[in-house]
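# Observations on chain architecture
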Amino acid sequence: MKVLVINSGSSSLKYQLIDMETESVIAKGGCERIGIEGSNLKHKAKGKEIVIQQAMPDHTVAVSLVLKALTDAEYGVIASMEEIDAVGHRAVASGEVFKAPTLVTDESIAKMEELSDLAPLHNPPAIVGVKACRAAMPNTPMAFVFDTSFHFTMPEYAYMYAIDYEDYQKYSIRRYGFHGTSHKFVSQEAAKYLGKKPEDLKIITCHLGNGSSITAVKGGKSIDTTMGFTPLAGVPMGTRSGDIDPAVVEYLAQKKGLTLAEAITYLNKKGGVAGISGVSSDFRDLRAAKAQGNKRAALALDMFTYACKKYVGAYTAAMNGVDCIVFTAGVGENTPSVIEAVCGDMDYIGLEIDKEKNSAPNNGQIRDVTGKNSKVKVLIIPTNEELVIARETVELL
Ligand code: ADP
């Protein structure tokens, strides 16, 4: 069985074609700068990467180029689209409407459209991607796989906000959490690596990338997570502020002459480590700037690691201990200094890392960076959200 996984961002579209018998990737790639000048498609298959420079005014064109690349006589991997047995679409916001992966139908698409204001950066491009795939493959079954599903096990006291309960009931305003497929995958991989059942473990998973979130996984279930009603909450991110006193929103709007919606866009796009440093949202640039003595870049990195450390402490308290801390995603898999800062000075819970192992280059495998006398395991695990989406699509079908 071959499953195509589609992950549409606001100006990007990533894809993987996965052979589910072996769980191996047949082809993968992505379109960048959709709707912007200079769009391109990178397609990796048969050990080669090709780059196609072509205008992509919208996601519909991007999808058609991806399907063309997959079936191309020279660098394609399938003879026709008939060989694609199913398509799994990453979906970000589910509200309380979708608590599990859901079949793509006219009805579920309409409901997703209604939910767009929950994730204005993520849901609309996903819907366009879904519609484009359906138009090209009208008979192929498809699923929405949500970032939120893994977090529906949070207890009520963890997901509720302290607002008027009736407004929660009316508007479903609560913590949902995101990056669920990644937190699920790496927590399961950690259990496998440790040779234990997920039910017997307390794990804190740190998905640190351009967007970052941290989750407490107790007995294999998410019991709390840092992102909230939207992916704006939690630790500071590339351009997102993370947690902030909500009164700041109105004050900022007043001072800068913004509408409330514009103030939220400001917190989504002009905050985070980019806002603090004035350098970049990319952690590689921040580290380089810090090395050259840039104080604001150093401050941004300190604020980020301090926020992560606070949540590790909070979730250790929430679970009455922690057996394993996992780092994953772009920053988590590639930035020893972040792991060192988050896990440093944690001897009160018996946590220690091996600095030498932590500094070893990323080999794309699970890396155990636990210190010799540490009571808590520290693992770096490459995430694989696409594989989880493909697995859940197959399970649903
Ligand atoms: P997204 O949330 O967009 O999926 P990623 O998980 O790809 O983001 O993370 C992007 C971040 O990861 C960037 O800040 C970048 O600096 C960092 N990063 C990605 N790859 C590397 C690498 N090979 N070395 C160092 N940092 C990396």
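One can find the structure itself at the top, above this paragraph.
Residues numbered from 1 in each chain as written. Predicted model: local features only at pLDDT ≥ 70, side-chain atom pairs only at ≥ 80, totals over all residues. Heavy atoms only, no water.

A word on the packing of aromatic side chains. Going through the model one piece at a time under the given rule, you end up with eight aromatic pairs. Summarising the aromatic geometry, the rings of Y176 and F229 are spaced 6.2 Å apart at their centres and angled 35° between planes, so their arrangement reads as tilted. Of the two residues, Y176 sits in the loop between helix 5 (165-171) and helix 6 (180-194) while F229 sits in the loop between strand 11 (221-225) and helix 7 (247-256), which places them 53 residues apart along the sequence. What links up through ring pairs into an aromatic cluster is the set F98, F144 and F146. Sitting over the ring of Y159, R174 keeps its end group 3.7 Å from the ring centre. (Phe/Tyr/Trp six-rings, centres within 6.5 Å; stacked < 30°, edge-to-face > 60°. Helix = DSSP H or I, 4+ residues; strand = E, 2+ residues; numbered from the N terminus. Lys NZ or Arg CZ within 6 Å of the ring centre and 35° of its normal.)

Here we take up the sheet that holds strand 7 (residues 102-103). Reading across the sheet, the eight strands line up as 5-4-3-2-1-6-8-7 and stay open at both edges, with mixed pairing between neighbours. Looking at which strands have only one partner, the edges of the open sheet turn out to be strand 5 (48-53) and strand 7. Across seven bridges, strand 2 (residues 13-19) lies against strand 3 (residues 24-32) in antiparallel orientation. Residue pairing across strands places D19 opposite S24, the latter belonging to strand 3. Against the sheet, helix 1 (residues 59-71) engages strand 1 (2-8), strand 2, strand 3 and strand 4 (40-45), with an angle of about 30° to strand 2. (Pairing = 2+ DSSP bridges. Contact = heavy atoms within 4.5 Å. Axes fitted to C-alpha atoms, helices over the stretch in contact; angles between N-to-C directions.)

Another point: the side chain of T148. Following the sequence through the fold, T148 ends up in the loop between strand 8 (142-146) and helix 4 (156-159). Overall, the relative accessible area of 1% leaves T148 in the buried class. In contact with T148, other than residues within four places in its own chain, are V92, S94, Y176, G177 and F178. (Buried < 20%, exposed > 50% of the residue type's maximum accessible area, 1.4 Å probe, protein only.)

Our next topic: the site of the ligand. The local shell around the ligand consists of G209, N210, G211, S281, D282, F283, R284, A329, G330, V331 and N334. One nitrogen or oxygen atom from the main chain of G211 is found 3.2 Å from an oxygen atom belonging to the ligand. One of the backbone nitrogen or oxygen atoms of V331 is found 3.3 Å away from an oxygen atom of the ligand. Considered on its own, the ligand offers 570 Å² of accessible surface; in the complex 65% of this is hidden by protein. Of all the elements in the fold, those that place two or more residues in the shell around the ligand are helix 10 (283-291) and helix 12 (329-334). Top contributing element to the shell around the ligand by residue count: helix 12, with four residues. By residue class, the composition of the shell around the ligand is three nonpolar, six polar and two charged. (Near = heavy atom within 4 Å. Polar contact = N/O pair within 3.5 Å; in protein donor to acceptor, adjacent residues only side chain to side chain. Areas by Shrake-Rupley, 256 points an atom, 1.4 Å probe, with all protein chains shown as cover. Nonpolar A, V, L, I, M, F, W, Y, C, P; charged D, E, K, R; others polar.)

All right, on to a nonpolar patch on the surface then. Residues M1, L103, L396 and L397 make up a contiguous nonpolar surface patch of about 310 Å² in total accessible area. Position of L397 among the secondary structure elements: in the segment after helix 15 (385-396). The class for L397 is partly exposed, based on a relative accessible area of 42%. (Patch = residues over 30% accessible without salt bridge, like charges linked within 9 Å, V, L, I, M, F, W, Y side chains within 5 Å. Salt bridge = Lys/Arg side-chain N within 4 Å of Asp/Glu carboxyl O.)

To continue, consider helix 1. Counted at 1.5 Å a residue, the expected span for helix 1 with its 13 residues is 18 Å, and the 18 Å between its end C-alpha atoms agrees. Inspection of helix 1 places H59, A62, V63, L65, V66, L67, A69 and L70 among the buried residues, and these make up the whole buried set. The inward-facing, buried residues of helix 1 abut strand 1, strand 2, strand 3, strand 4 and helix 3 (123-136). At the N-terminal end of helix 1, a side-chain oxygen is found 3.1 Å from the backbone nitrogen of T60, two or three residues along, and the residue is D58. (Expected span 1.5 Å × (residues − 1).)

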